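Chains, contacts and geometry: an overview
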Amino acid sequence: MTFYKQLEEWGAIVTDTQIDKQPDQSMKYRLGLKLRSEIKGEMINDFVSRHSEVVSFKLTRLAQDA
């Protein structure tokens, strides 16, 4: 399953993307997501463990809209 397909299954909407080429020629993808429900850390860990092309990920919680 692709990452974008997994996000769709989780009910996440991609709101922003940024792609940067790293000095070692790898690519760094940064995605802004809007979530319909909480994605648990273990769900992401499980996905990452099955996809060796994902080297790392970082979650940042933003303040909710007022």
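A brief report on the enclosed structure follows. Bear in mind that the values here come from a model prediction, so they are computed numbers and not experimental data.

Thresholds, definitions, all that
Residues numbered from 1 in each chain as written. Predicted model: local features only at pLDDT ≥ 70, side-chain atom pairs only at ≥ 80, totals over all residues. Heavy atoms only, no water. Helix = DSSP H or I, 4+ residues; strand = E, 2+ residues; numbered from the N terminus. Buried < 20%, exposed > 50% of the residue type's maximum accessible area, 1.4 Å probe, protein only. Contact = heavy atoms within 4.5 Å. Core = buried A, V, L, I, M, F, W, Y, C linked by side-chain atoms within 4.5 Å. Salt bridge = Lys/Arg side-chain N within 4 Å of Asp/Glu carboxyl O.

All right, on to the side chain of Gln6 then. The topology assignment puts Gln6 in helix α1 (residues 3-10). You can call Gln6 buried: its relative accessible area is 5%. Those residues in contact with Gln6 that sit more than four places away from it in its chain are Met1, Phe47 and Arg50.

Okay, unusual backbone geometry next. One non-glycine residue, Gln25, adopts positive backbone phi at about 75°. Mapped onto the elements of the fold, Gln25 is located in the loop between β1 (12-21) and β2 (27-35). When its relative accessible area of 52% is taken as the criterion, Gln25 is described as exposed.

Quick look at the environment of Ser56 now. Note that Ser56 resides in the segment after α2 (41-49). We classify Ser56 as exposed; its relative accessible area is 59%. The spatial distance from the C-alpha of Ser56 to the C-alpha of Tyr4 is 16 Å, given a sequence separation of 52 residues.

So, on to the nonpolar core. Core analysis: the biggest nonpolar cluster contains seven residues, these being Leu7, Trp10, Ala12, Ile39, Ile44, Phe47 and Val48. For this core, the leading source of residues is α2, giving three residues. Excluding residues within four positions of it along the chain, Leu7 makes contact with Ala12, Val14, Leu31 and Leu33.

Next up on the list: the pattern of salt bridges. For the structure shown, the criterion picks out three salt bridges. Linking Glu38 and Lys40 is a salt bridge whose minimum nitrogen-to-oxygen distance equals 3.6 Å. Owing to a relative accessible area of 53%, Glu38 belongs among the exposed residues under this scheme. Here Asp46 and Arg50 are joined by a salt bridge, their closest N and O atoms 3.2 Å apart. Classification of Asp46 as partly exposed rests on a relative accessible area of 39%.

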